[in-house]
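Working through the structure, step by step
Listed below, chain by chain, are the residues.
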Amino acid sequence: MPKKHHFETDAIRMQTPTTSEREHSAPLYMTSSFTFESAEHARAMFANEIEGNVYSRYSNPNTDEFIAKICSMEGAESGVATASGMAGVFGCLAGLLNQGDHIIASRSLFGSSHQILTQILPRWGITSTYADTIKTDGWESLIQPNTRMLFLETPSNPGLDLIDLEWAGNFAKDHNLILVVDNCFATPYLQRPIDFGADLVQHSATKFIDGQGRAIGGVIVGSEKHMEKIRFFARHTGPALSPFNAWLFSKSIETLAVRMERHCDNAEELAKFLGNHPSVQFVKYPFHRDHPQFELAKKQMKRGGGVVCFEIKGGIDQATKFIDNIRLLSRSANLGDTRTIVTHPATTTHSKLSEEERNSVGITPGLIRIAVGLEHHEDIIADVEQALS
Ligand SMILES: *Cc1c(COP(=O)(O)O)cnc(C)c1O
């Protein structure tokens, strides 16, 4: 595949080779297996002596195209596509860690990542400790002799807390830790963790990468040294992404840059509006002046992203009223869609956490998350305004 033009150009131009039909847009390879020319060809394929597709659990042209684009955008050597973002998170942990290993993770994590770390991995003797997302000076003391990985999410879901990636890259290097960053909220268009020393980058493609709320999927990219092990794990345990979803995602990536610009434009307008509204306790958006890490956001992100959070005055009662009063926007639990989505994290996406766990990551009863879509910003703001009053 051709390599290294500008971000947008590779996102659009990297394609599987054209077939004899000379099609312009990459076709969908909806096939579970591929054929061999001869017994010798089959033997050589299975012996990894020649490259090619054998079975879509291992590889598929659509999946490969999708992975190649994400690698190009993130600056990664190689990758594995997975059936969901969570299959990616799990594949990354289970593919690399051994019994007795220890993980340090940022406290503000996606709900299911938290469940894997606290409920599932301990059954196999893999433990983890949470580090304060914002105050990194205490992280040193969390290192154990068996600590192998640093697992981070920045900006975090839903609190939009940031971690200094340059600092984290150095910390991981000093302590010989594998640095994994869940880059779902920023996308490679706004933030490239590998540039700061991350070994692996994880995405829920379900969100901004699909961008249209149609399909579930994920991808992990990074250094081949680690990807080799994750690929082995994925090949034999089977979290493969469907070729159809890979085809959708790969087409979606062609518009990622223009979509993210509009998500950011709209989110900035909404954050500005919320910041001045009397019913709003505070607004949180990485590129809004009131965000406690505004300077850091500007250092490591191109723009603030498509998610805005705010604390409504009056707690759970007012939050519930606000959600019920929404007319145009969607009440849903997804994000990264063309359609603006309003979520109440405390009673939905993060309801499985204890109240104490929620409080520790700023998920208060009055916190509202708005995944700002691509509608006209005046219509988004008008609906939020009428729901607030
Ligand atoms: C949604 C999400 C995931 C999980 O992805 P799925 O595709 O839903 O499995 C992981 N991390 C973050 C930050 C997310 O927002």
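Analysis parameters
- Starting afresh in each chain, residues are numbered from 1 along the sequence in its written order.
- Since the coordinates come from a predicted model, pLDDT governs what is reported: local features require at least 70, and pairs of side-chain atoms require 80 or more to be given and counted, while whole-chain, interface and lining totals use all residues.
- Water and hydrogen atoms were dropped before computing side-chain values, which therefore reflect all heavy atoms in the structure.
- Salt bridge, as used here, is a side-chain nitrogen of Lys or Arg placed within 4 Å of a carboxyl oxygen of Asp or Glu.
- Categorising residues by exposure relies on relative accessible area from a 1.4 Å probe, with only protein chains included: less than 20% of the type maximum marks a residue as buried, more than 50% marks it as exposed, and the intermediate range marks it as partly exposed.
- The numbering of helices and of strands both runs from the N terminus, where a helix is a DSSP run of H or I of at least 4 residues and a strand a run of E of at least 2.
- In what follows, residue pairs with any heavy atoms lying within 4.5 Å of each other are defined as contacts.
- Centre distance within 6.5 Å is the pairing criterion for rings of Phe, Tyr and Trp, where only the six-membered ring of Trp is used; planes under 30 degrees apart are then read as stacked, over 60 as edge-to-face, and the remainder as tilted.
- Both a distance and an angle decide whether a charge sits over a ring: NZ of Lys or CZ of Arg must be within 6 Å of the ring centre and within 35 degrees of the ring normal.
- The nearness test applies per residue and asks whether one of its heavy atoms lies within 4 Å of the molecule or strand.
- Here a polar contact is recorded for every N or O atom pair within 3.5 Å, except that within protein the pair must consist of a potential hydrogen donor and a potential acceptor, and residues adjacent in sequence are included only if both atoms are side-chain atoms.
- The Shrake-Rupley method, run with a 1.4 Å probe sphere, supplies the accessible areas, and residue values consider only the shown protein chains as cover.
- Residue polarity follows a fixed list, in which Ala, Val, Leu, Ile, Met, Phe, Trp, Tyr, Cys and Pro are nonpolar, Asp, Glu, Lys and Arg are charged, and the others, Gly among them, are polar.
- Boundaries between domains were set according to an automatic or database domain assignment.
- Throughout, the accessible surface (probe 1.4 Å) given up by two parts as they are put together, summed over both, is called the buried area.
- For two strands to be treated as a pair, DSSP must find no fewer than two bridges joining them.
- Each axis is a line fitted through C-alpha atoms, taken for helices only over the stretch in contact, and angles between the N-to-C directions span 0 to 180 degrees.

**Things to note about the pattern of salt bridges**
- Per the stated rule, a full pass over the model turns up 16 salt bridges.
- One salt bridge connects Lys135 with Asp132, and the closest N-O pair in it is separated by 3.7 Å.
- For Lys135, a relative accessible area of 53% gives the class exposed.
- Judged by relative accessible area, Asp132 falls into the partly exposed class, the value being 34%.
- The salt bridge involving Lys284 is made with Asp161; its shortest N-O contact spans 2.6 Å. Here the residue Lys284 occupies a position in strand 8 (residues 280–284), and Asp161 occupies one in the loop between strand 4 (147–153) and helix 6 (165–174), the gap between them amounting to 123 residues.

**Some thoughts on the environment of Glu269**
- With respect to the element layout, Glu269 can be found in helix 10 (residues 256–275).
- Filtering out sequence-adjacent residues up to four positions away, Glu269 remains in contact with His377 and Ile381.

**Focus: the packing of aromatic side chains**
- Using the criterion set out here, one finds 11 aromatic pairs in the structure.
- When the ring of Phe90 is compared with that of Phe233, the centres are 6.2 Å apart and the planes differ by 65°; the resulting orientation is edge-to-face. Of this pair, Phe90 sits in helix 4 (residues 85–96) while Phe233 sits in helix 8 (residues 224–237); the two residues are 143 residues apart in sequence, bridging distant segments of the chain.
- Among the residues examined, Phe233 registers a relative accessible area of 19% and is labelled buried.
- Site record: aromatic cluster; members linked through ring pairs are Phe90, Trp124 and Phe233.
- Just above the ring of Trp124 sits the side chain of Arg123; from NZ or CZ to the centre is 5.1 Å.

**Focus: the environment of Phe310**
- Looking at where Phe310 falls in the secondary structure, it is placed in strand 9 (residues 307–312).
- The buried category is assigned to Phe310, whose relative accessible area is 0%.
- Residues contacting Phe310, with those up to four places away along its chain left out, are Leu274, Val280, Phe282, Val283, Phe322, Gly366, Leu367, Ile368, Ile370 and Leu388.

**Side note on the site of the ligand**
- Taken together, 13 residues sit near the ligand, with Gly85, Asp182, Ser204, Thr206 and Lys207 positioned nearest.
- A distance of 3.3 Å separates an oxygen atom of the ligand from a polar side-chain atom of Asn157.
- Within the side chain of Thr206, a nitrogen or oxygen atom sits 2.6 Å from an oxygen atom of the ligand.
- Look at the ligand: alone it shows 380 Å² of surface, and the protein chains cover 92% of it.
- Partitioned by chemical class, the residues of the shell around the ligand number four nonpolar, six polar and three charged.

**Considering the domain arrangement of the protein**
- Split into domains, the protein comes out as domain 1 (7–253) and domain 2 (256–388).
- Each of domain 1 and domain 2 has a C-alpha centre, and these two points are 26 Å apart.
- Contacts between domain 1 and domain 2 engage 40 residues on the former and 39 residues on the latter.
- When domain 1 packs against domain 2, close to 3,300 Å² is buried across both sides, 62% of that on carbon and sulfur atoms.
- Among the residues of domain 1 in contact with domain 2, Tyr189, Leu190 and Phe208 are the three that bury the most area, contributing 23% of the side total.
- One can count three salt bridges joining domain 1 with domain 2.
- Here domain 1 and domain 2 share 19 residue pairs in polar contact (both at pLDDT 80 or more) between them.

**Examining the sheet that holds strand 4**
- Spatial ordering of the open sheet is given by 1-7-6-5-4-2-3, a layout of seven strands whose pairing is mixed. Unpaired on one side and paired on the other, strand 1 (78–82) and strand 3 (127–131) mark the two borders of the sheet. Averaged over neighbouring strand pairs, the angle between their axes works out to 20° when direction is ignored.
- Taken strand by strand, helix 4 contacts strand 1, strand 2 (102–106), strand 4, strand 5 (178–182), strand 6 (200–204) and strand 7 (218–222), and its axis lies near 150° from that of strand 6.

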